[in-house]
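Architecture and fold: a report
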Amino acid sequence: MPENEWARKTVPEADLSQVAQELINWGNSYDIWLFQGDLGAGKTTLIKELGRQWKVEDQMSSPTFSIVNEYRTSDGQSIYHFDFYRLNHESEAVDIGVEEYFDSESYCLVEWPEKIPNLLPDRHLQIFLEVQPDQSRTIYASQHE
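Residues numbered from 1 in each chain as written. Predicted model: local features only at pLDDT ≥ 70, side-chain atom pairs only at ≥ 80, totals over all residues. Heavy atoms only, no water.

Brief notes about the overall build of the protein
For the record, the criterion: Strands are runs of DSSP state E lasting at least 2 residues, helices are runs of H or I lasting at least 4, and numbering of each runs from the N terminus. Based on C-alpha atoms, the radius of gyration is set beside the globule rule, defined as 2.2 Å times the residue count to the power 0.38. Note on exposure labels: buried denotes an accessible area under 20% of the residue type's maximum, exposed denotes more than 50%, and partly exposed covers the range between, all computed with a 1.4 Å probe on protein chains only. What makes two residues a contact is simply this: any of their non-hydrogen atoms within 4.5 Å. Per-residue and other accessible areas follow the Shrake-Rupley method at a 1.4 Å probe size, with only the shown protein chains counted as cover for residues. His residues and chain termini do not enter the charge count, which takes Lys and Arg as positive and Asp and Glu as negative. We put the charge of a Lys on NZ, of an Arg on CZ, of an Asp on CG and of a Glu on CD.
When helices and strands are counted, the protein shows 4 helices and 7 strands. Going residue by residue from the N terminus, the α and β elements of the protein occur as β-α-β-α-β-β-α-α-β-β-β. In summary, the protein has a C-alpha radius of gyration of 14 Å against a globular reference of 15 Å for 145 residues, a match within 12%. Taken over the C-alpha atoms alone, the protein extends approximately 40 × 35 × 30 Å along its principal axes. Across the 145 residues of the protein, 50% fall into the buried class. Residue pairs in contact within the protein that sit at least 24 positions apart in sequence constitute 56% of those at least 6 positions apart. Surface accessibility of the protein: about 7,700 Å² in total, with carbon and sulfur atoms responsible for 44%. Computed over 11 positive and 26 negative side-chain charges, the separation of the two mean positions in the protein equals 7 Å.

See below:
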């Protein structure tokens, strides 16, 4: 497997802690993390586990209605969590200042990035999640420059 790819097959939810740590170690130089998968694939669940690993002090939840949530880590860093599922047009993301968030050098965790294809930075980490019949997850990730 090329260096810019990371894959793990058939991951039970109980192993998300280990998966999150592996992803952090592998992709820690990337500020923009894109999460793709069907509804219920586990995007928010994985993001919550990443937040736990990064020592987020705030209660984490999906920003489906607010579009963006800001969390603080124990060392005062900001992490931004976006959910673009409800967007009808990219201009709605521009209206909330998504480009400024992306330029902030803080982690930006983006659910439903396919809703804003023209606004995504070239340099990002892309994570795909897929539910398997036994309710485990297939997780595949790649680094993009």
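Describing the environment of N88
By secondary structure assignment, the location of N88 is in the loop between β4 (78-83) and α3 (90-95). Judged by its relative accessible area of 73%, N88 is exposed.

Things to note about the nonpolar core
In plain terms, the rule: By nonpolar core is meant a set of buried Ala, Val, Leu, Ile, Met, Phe, Trp, Tyr and Cys residues that side-chain atoms within 4.5 Å join together.
Counting residues in each nonpolar core, the largest one holds 27 residues, and the members touching the most others are L23, W33, F35, L46 and I127. For this core, the secondary structure elements donating two or more residues are β1 (5-11), α1 (16-27), β2 (32-36), α2 (43-53), β5 (107-111), β6 (124-131) and β7 (137-144). In terms of residues, this core owes the most to one element, α1, which gives 6 residues. Dropping the residues within four chain positions of it, L46 is found in contact with L16, A20, L23, F35, I127 and L129. Core analysis: the second largest hydrophobic core is formed by 17 residues, I67, V110, L119 and L120 among them.

Details of the packing of aromatic side chains
Applied cut-off: Aromatic contacts are taken between Phe, Tyr and Trp rings whose centres are within 6.5 Å, Trp giving its six-membered ring; a plane angle under 30 degrees counts as stacked, one over 60 as edge-to-face, and the others as tilted. Our definition puts a charge over a ring when NZ of Lys or CZ of Arg is within 6 Å of the ring centre and also within 35 degrees of the ring normal.
Scanning all chains against the criterion turns up 9 aromatic pairs. With centroids separated by 5.2 Å and ring planes inclined at 80°, the aromatic side chains of F82 and Y101 adopt a geometry described as edge-to-face. Taken as a pair, F82 in strand β4 and Y101 in helix α4 (residues 98-102) lie far apart in primary sequence, 19 residues in all. A relative accessible area of 0% places F82 in the buried class. Note on Y101: relative accessible area 22%, which makes it partly exposed. The ring of Y85 carries K115 above its face, with NZ or CZ at 6.0 Å from the centroid. Here R123 stacks its cationic end above the ring of Y30, 4.0 Å away from the centre of that ring.

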